[in-house]
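Topology and contacts: notes
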Amino acid sequence: MKAAVIEARGRAGLVLRDIPVPVRQPGEVLVRVHAGGLNRVDLYMRDNGVGITHTLPQTAGVEAAGVIAEADADSGLVAGQKVAIFANAFCGKCRYCLAGDQPLCVRAHIMGEHRDGGFAEYVAMPARCALPLPDHVDLVEAGVVLTAHATAWRMLFGKRALRPGETALVVGVGGGVAVACLQLAVQAGARVLVTSSSDDKLARAKALGASGGINYRSEKVAKRVLEMTNGEGVDMVLDSSGAASWDDSLRSLRRGGRLVTCGATTGSNPGADLQRIFIRQLEVYGSTGASIEECRQLIALFGRGAFKPVIDQRFALEDFAAAYDRLERGDQFGKLVLTMT
Ligand SMILES: [Zn+2]
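Per chain, residue numbering runs from 1 following the sequence as it is written. The predicted nature of this model means local features are confined to residues of pLDDT at least 70 and side-chain atom pairs, given and counted, to a pLDDT of 80 or more, with totals for whole chains, interfaces and linings taken over all residues.

1. Some thoughts on the domain arrangement of the protein chain
Each domain's extent is set by a domain assignment, obtained either automatically or from a database. In terms of domains, the protein chain is made up of domain 1 (2–149 + 290–339) and domain 2 (159–286). Residue pairs are scored as contacts if the distance between their C-beta atoms, which are placed from the backbone, is within 7 Å. Counting residues at the interface gives 13 residues for domain 1, matched by eleven residues for domain 2. Class assignment for the residues of the side of domain 1 that touches domain 2 results in five nonpolar, six polar and two charged. All amino acids are sorted into three groups, where Ala, Val, Leu, Ile, Met, Phe, Trp, Tyr, Cys and Pro are nonpolar, Asp, Glu, Lys and Arg are charged, and the leftover types, Gly among them, are polar.

Listed below in structure tokens is the structure:
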């Protein structure tokens, strides 16, 4: 089968290879992959991978949807059935898994990070990670739902849920998670403000329901947020940028507001501004991935057509390098996706 395989670090080390179809282990399913979305972590795995236990060569890709090719008779899954893959082959036995909080699993084993991923014609994963999809869904769209939208779902609703009528600020709209946060927050009945360095991306965000856009290159973000919220600030900030936006994100919150972080692409160590956090009684918390139950809720909403994932561009598996380049430049609005068929 064809697969995008990381053989060595760096752009030249990720290559298209013809490799054997994976042999599924007992309890696993074999999935014929139709599509898989790109994510920032794919660049990290290609170029660095430090801190993640794995061995090269390894097939890339943390996201995939397709149809069951082989499954155990008692798995509840049948050949031909459409599934989206929950990327974390969680252990199912640790205290966090038993509590239904799989993203905190102490033995997390993520495809495309710790084991062979989904940028291939077939992938093998534990049957518990194959989440059934309604028959009518588009598998390319399904292939971009379980990373960005699932991450956004847990950020928005996982701990201190965003409520209808609240106002949220989405930092750096354009990336997959930020666009998904915008879509799901609008869907939940919240008012959504967005920031970007691109007026074009701000216009596209407004077309998706954002009620205000701030260009952080030409405007002062926190000042504009306060102007747009009668001097109060927003209830929730969704920030995957990190150091570059942190100060503005804290200053954009109302008293008692919450800042949710899911990424640090611009740096991990911003000024903490503890005085602002305790005096204004802000909540700051992290989020990554989503639980099986959160993914089921998300798939139910997706299956009903309540939102349509924004796909920036589709690439054939053979053209993965062009897709990675576009992701690296940050040109995209929404998701980049590789199609295998
Ligand atoms: Zn576990």
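2. Thoughts on the packing of helix H4 (residues 145–157) against helix H5 (residues 176–187)
For the pair H4 and H5, the least separation of the axes is 8 Å and the interaxial angle reads 55 degrees. As the angle between them shows, H4 and H5 are arranged oblique. Relative to H5, the crossing made by H4 is right-handed. Taken together, the residues of H5 that come into contact with H4 (itself represented by Ala148, His149, Thr151, Ala152, Trp153, Met155 and Leu156) are Gly176, Val177, Ala180, Cys181, Leu184 and Ala185. Residue composition of the contact of H4 with H5, grouped by class: ten nonpolar, three polar and no charged. Convention adopted: a line fitted to C-alpha atoms gives each axis, helices being fitted over their contacting stretch, and angles between N-to-C directions are expressed from 0 to 180 degrees. By the criteria applied, helices consist of DSSP H or I runs no shorter than four residues and strands consist of E runs no shorter than two, each listed in order from the N terminus. Between 65 and 115 degrees an angle is taken as roughly perpendicular, under 35 as roughly parallel, over 145 as roughly antiparallel, and anywhere else as oblique. Definitions for this section: a left-handed crossing has its near helix turned counterclockwise from the far helix by less than a right angle. A right-handed crossing has that turn clockwise.

3. Quick look at the sheet that holds strand E2 (residues 14–18)
In spatial order, the strands read E2-E1-E4; together these three strands make up an open sheet with antiparallel pairing. Sheet topology places E2 and strand E4 (58–59) at the edges, where each strand pairs with a single neighbour. The pairing of strand E1 (residues 2–6) with E4 spans two bridges and is antiparallel. Looking at the pairing, Val5 lines up with Thr59 of E4. Pairing between strands requires that DSSP locate at least two bridges from one strand to the other.

4. Regarding H5
For a helix, the expected span equals 1.5 Å multiplied by the residue count minus one. With twelve residues, H5 ought to run about 16 Å at 1.5 Å a step, and its terminal C-alpha atoms sit 16 Å apart, in line with that. We call a residue exposed when 12 or fewer other C-beta atoms sit within 10 Å of its C-beta, buried when the count reaches 20 or more, and partly exposed for counts in between; the C-beta positions come from the backbone. With ten of twelve residues buried, H5 is to be regarded as a mostly interior element. When we look at burial in H5, the residues that qualify are Gly176, Val177, Ala178, Val179, Ala180, Cys181, Leu182, Gln183, Leu184 and Ala185. In the stretch just after H5, Gly189 is the one whose phi turns positive, near 90 degrees.

5. Structural notes on the nonpolar core
Any nonpolar core is a set of buried residues, restricted to Ala, Val, Leu, Ile, Met, Phe, Trp, Tyr and Cys, that join up through C-beta atoms within 7 Å. In terms of nonpolar packing, the biggest core is built from 104 residues, with Val31, Ala84, Ile85, Ala168, Val170, Cys181 and Leu182 touching the most fellow members. Both domain 1 (2–149 + 290–339) and domain 2 (159–286) contribute no fewer than three residues apiece to this core. Once residues lying within four places of it in the same chain are set aside, the contact partners of Val31 are Ala64, Gly66, Val67, Ile68, Ala69, Val83, Ile85, Tyr122, Val123, Met125 and Ala130.

6. Details of the sheet that holds strand E10 (residues 191–196)
Here we have six strands laid out as an open sheet, ordered E11-E10-E9-E12-E13-E14, and parallel in their pairing. Of all strands in the sheet, those with a lone pairing partner are strand E11 (212–215) and strand E14 (283–286), marking the two edges. Here the average twist between neighbouring strands, direction ignored, is 20 degrees. Two elements, strand E12 (residues 234–239) and strand E13 (residues 253–261), share five bridges in a ladder whose sense is parallel. Note that in E13 the partner of Val237 across the bridge is Leu259.

7. Quick notes on the pairing of strand E16 (residues 335–339)
Most of E16 sits out of view: four of its five residues are buried. With three bridges joining them, strand E3 (residues 28–37) and E16 adopt antiparallel strand pairing. Within E16, the residue paired with Gly36 across the bridge is Leu338. As judged from the five bridges shared by strand E15 (residues 311–316) and E16, these two strands associate in the parallel manner. Bridging from a neighbouring strand, Gln313 pairs with Leu336 of E16. You can see the chain leave E15, run along helix H11 (residues 320–329) and come back into E16, and the turn it takes is right-handed. Assignment of crossover handedness uses the view with strands pointing away from the viewer, where a clockwise path from the first strand over the helix to the second indicates a right-handed crossover.

8. Quick look at the environment of Gln183
Here Gln183 shows up in helix H5. On a C-alpha basis, the gap between Gln183 and Gly209 in space is 7.5 Å, while along the polypeptide they are 26 residues apart. Sequence-distant contacts of Gln183, that is, excluding residues within four places in its chain, are made with Leu208 and Phe307.

9. A few points about the packing of H4 against helix H10 (residues 292–303)
Helix-helix packing is characterised by the crossing angle of the two axes and by the distance between the axes. As a packed pair, H4 and H10 sit with axes 10 Å apart at the nearest point and diverge in direction by 110 degrees. On the basis of the axis angle, H4 is roughly perpendicular to H10. Handedness of the H4/H10 crossing: right-handed. Two secondary-structure elements touch here, H4 through Val145, Leu146, His149, Ala150, Trp153 and Arg154 and H10 through Glu294, Cys295, Leu298 and Phe302. The residue inventory of the contact of H4 with H10, partitioned by class, reads seven nonpolar, one polar and two charged.

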